[in-house]
Structure formats: structure tokens, C-alpha cells
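Take a look at the letters that make up each chain.
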Amino acid sequence: MNAVNNIMQGMPADTSKYLTQISAHQLLRERELIHLVEINSSSLNPQGINAVGKWFEHKFSAISQTSERIHLPAWQRMGFDGEIQQQPLGDLWRFKQRPQAKYQILLTGHLDTVFPIDSAFNKAVQLDQMRLNAPGAADMKGGLLVMLAALECLENTPYAHQLGWTVILNPDEEIGSPQSANYLEHEAKQHDIGLIYEPALPDGNLAGERKGSGNFSCSVRGRAAHAGREPEKGRNAINKAAELILELAQLNGARRGLTLNTGMIQSGETTNKVPDLAVFKFNIRIEQPNDATWCKQRIEQLINKHNQTEGYNISLHGEFGRMPKIMDNCHHALYTLLQQCSQKLGTPLNWQATGGCCDGNNLSAAGLPNIDTLGVLGNFIHSHNEIIELPSLTDRAQLSALLLLYIAINGLPFSHQPSKPRG
Ligand SMILES: [Zn+2]
């Protein structure tokens, strides 16, 4: 109880008036959300992403000093033909307000969803007054509306002058932020705190520690031959891939918390031909940053070993795009402050470790304490059952707005890191 009282000490009496104004726009935000989720914005659909980005540009540029739309280079990935393909991406948006202010907050969210352009899941369905079933409603178009509402609230108060902010909307989070990672890292180093609008965990709590993650593709080239007439001349790519996949599976648990999942494989045309190409894809999750190097060395050793077999050529493509998010003292102080804000609003809040990862990993790896599940409440994300709890559009915007107001008025919840360069 002391914590709750402490949090509001020194806060102006009219704070709650500004927070209450957020709820007046609940129905408008629900309508805006339905409009946005019905624009497909798969990570591989640049047109859809740019349409959603333009909608938010209109909103954010109304409350910020600068607005930039940045074209990103194509994403390189290995196709199932074993060749490196160039995949065009949507644009990245960056908005800045008061970049010279004493405290600098970085807010990020992604414009993309996991639902492909031809997905049958492309409409919003109102399940009841509280819940909407719609693609990307929780992850994270609802979260983007929460971020916007919180900043609009802050800008509407007389207390914002000590606090500057940058918003980044990126188009490639669901594929691991391959081309926006540089922008996130650059901005992370210029800010004091990061706020990310991924959905809350299904019980409403926050994600705390997160594992790091790497995505890899492996092509195994052998030699084709007729399976009946001269099989001895062939080099079976499926067999070699199978050997390698089972050896990779042995890495599971070889370091604390390490998991490796081969999730896709493609090869072969017919049973009477020795297949000359197999491509498989795997994901690795790690708890310790050092394990990224350890894993890459182990994988290289395995591939080198198999490349010594006559007639085979194996190559690997991919990276650890996200390092583990570790809860240090600064993260802990920030989470505790948010917890106190939430208690003040009548909702107890906690956090827990997760194996999932997001741009919070990137910000943390760049030294920026951040909370990455400030978006809406919902469930079943990345599936056709995805739902958003509609009242959380308002509840979560009030939570973020209170956090922003607290920092604008009282400063950071931890002492400033003097080493941090200021933009
Ligand atoms: Zn997301």
C-alpha cells in the first residue's frame, strides 16, 4: 500500500482528470482498430504495411516535431531452392518530440502481422461487447493504438516539457526485425527507457526475462541419380540432412535453457530419384548471450564434418538476431515503477520469464532498460483465434500515460547512466 501512496506523491492533483479523458475515446478506438486489422499487413506484404504505416503517420505527426518514413533494404533469406532471395519489406516510421528534453523515452511497435496476404483470417468478428476476434488485433495493432493514446494524453497535459520521446514503427518484427534492428539499436543508445507495445501475457502480466533467438536455414546439396539403375552414383541429400538434423537436436539442453527446433524441411520430387537438394530451417533459443557464439561454433563444426563427405556441399544462412533480455537493476526499477502505476489504477500486475522474444531483446542488448508487453490484453496470438480484450485499449493507455506522466514530473526510476550519449 505504501508503494501506491509513494507513487502518487508529488503528482499533480489533476493527473486523474487527464487519464479519465482517455476513456472518452474507447468507441472511436474500437472502430479504428477494426479498420486497421482488416488491412492485411503480413511481414511480406509491403503495400499493406505501408497503408497501416501511413494511417499512423497521420496520427503521430499531429503530436510530434519530426516525422520520417524510411525505406529499408530487402530482407535476404534462403529459399527452399537453396538460393538466397531478396524479399522487399515495408517502410519504417520514426517520430520525434522534444529530442533535447531531459528524459528521453523510446516507444516502439511493429506494423506487421504473421498472417499471409492470402490468409482466410482477414476480418474482425465481434464475439461480445468485450472481445474482438481479428488478425493482429492484440499483436499488435491494438498496442499501437494504446501507444498513440498514451502519447496524446501526455501531450495534452502541461507536464510534458521535461520528457522527450521517439516512436519507431517497424515493418519486420515478426520475422525477427532483420532490417530494422540497426535503427532500434541506434535509438536505444540515445534514450533512457524503452516502452514496447507487444500484447500482455494472457493473464495480463508482463514478460520479464526473455530468451535470445536465432533463425537458420541450411541447404544440403548431394548428387542426383536413378534410384534403381545406378543408386551408387547418387548422394542422397535427404539422408545427409537427416543425419545433420539429429546431431543438431543433440544441442538441446547442452547449455542451460538452450533449445533447438528444426521446424521446416523440403526436399525431393519422386521416390525413384536420389534427391540432390534438401533445405531445412531451425530456430535456437538461448538464455546466456555467450551461448550464441558457442552454438555457432558447434554448428560450424558439424557442417564442416559433413562437408568432408565426398559429393556433398552443405551451407548455412542465418544469425542470432536477438540476444537474451536479462532483468538487471535498471529493468527491475522500471518494472517496479510500472507495477506501482498499475496498482494505483486498481490492477495488480506482475511479470514472469518467457522463452518468447521481441524487440525488447534488441533494446536490452543495446543497454536500454525496457518493458516490452505494454500493449493490450488478449490471447491466442499468431492463430486464427486471436482475440483482444477491448477494454484494455483504454486501461493500458491509462497505464502508459500514468508512467509517462510520472517520469515527466519525477524523473527516471533509476539514476541516470552518465556514459549514455545524448541525441
Ligand atoms: Zn508482436
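Residues numbered from 1 in each chain as written. Predicted model: local features only at pLDDT ≥ 70, side-chain atom pairs only at ≥ 80, totals over all residues. Heavy atoms only, no water.

Here we come to the pattern of salt bridges. According to the stated counting rule, one finds 22 salt bridges in the structure shown. Put simply, Lys 240 and Glu 243 hold a salt bridge, and the shortest N to O gap is 3.8 Å. Taken together, the residues span about one helical turn, with Lys 240 and Glu 243 both in helix α7 (residues 237-249) at a distance of three residues. Take Lys 240: its relative accessible area is 5%, and that puts it in the buried class. The closest approach of N and O atoms between Glu 319 and Lys 296, which form a salt bridge, is 3.3 Å. Residue Glu 319 is found in strand β16 (residues 313-322), and its partner Lys 296 is found in helix α8 (residues 291-307); the two are separated by 23 residues along the sequence. (Salt bridge = Lys/Arg side-chain N within 4 Å of Asp/Glu carboxyl O. Helix = DSSP H or I, 4+ residues; strand = E, 2+ residues; numbered from the N terminus. Buried < 20%, exposed > 50% of the residue type's maximum accessible area, 1.4 Å probe, protein only.)

To continue, consider the domain arrangement of the protein. As assigned here, the protein comprises domain 1 (2-210 + 324-410) and domain 2 (212-321). Once you take the C-alpha centre of each, domain 1 and domain 2 turn out to be 36 Å apart. Each partner contributes to the interface: domain 1 provides 17 residues, whereas domain 2 provides 20 residues. Together, the buried faces of domain 1 and domain 2 total about 1,300 Å²; carbon and sulfur atoms form 62% of this surface. Interface area lost by domain 1 to domain 2 is led by Met 78, Phe 80 and Pro 324, which between them contribute 56%. Between domain 1 and domain 2 we count one salt bridge in total. The partner of Arg 221 in a salt bridge is Glu 83, and the shortest N-O contact between them spans 3.4 Å. Linking domain 1 with domain 2 are five residue pairs in polar contact (both at pLDDT 80 or more), by the criterion used here. (Domains from an automatic or database assignment. Contact = heavy atoms within 4.5 Å. Buried area = accessible area lost by both parts, 1.4 Å probe. Polar contact = N/O pair within 3.5 Å; in protein donor to acceptor, adjacent residues only side chain to side chain.)

As a further point, take the coordination of the zinc ion. Summarising the metal site, the zinc ion is bound by the protein donors His 110 (NE2), Asp 139 (OD) and Glu 198 (OE), whose distances to it range over 1.8 to 2.1 Å. All donors of the zinc ion come from a single chain, and their spacing in sequence reads H-x28-D-x58-E. Placement of His 110 in strand β5 (residues 103-110) and of Asp 139 in helix α5 (residues 137-155) is noted, with a sequence separation of 29 residues between them. Both residues of the pair, His 110 and Asp 139, belong to the buried class. (Donors = N, O, S within 2.8 Å, 3.2 Å for Na, K, Ca; no water.)

Spatially, β6-β7-β20-β19 is the arrangement adopted by the four strands of the open sheet, whose pairing is antiparallel. Where the open sheet ends on each side, the last strands, each with one partner, are β6 (125-126) and β19 (378-379). Sheet topology note: the strand β7 (residues 131-133)/strand β20 (residues 387-389) ladder contains three bridges and is antiparallel. Across the sheet, the residue bridging to Asn 133 is Ile 387, located in β20. (Pairing = 2+ DSSP bridges.)

Here we come to unusual backbone geometry. Across the chain, the bulk of peptide bonds are trans and the bulk of non-glycine residues have phi less than zero. For the peptide bond that leads from Asp 139 to Met 140, omega is -10°, which places it in the cis range. Turning to its location among the elements, Met 140 is positioned in helix α5. Positive phi values are uncommon outside glycine, yet His 382 reaches one of about 70°. Note that His 382 resides in the loop between β19 and β20. A relative accessible area of 43% places His 382 in the partly exposed class.

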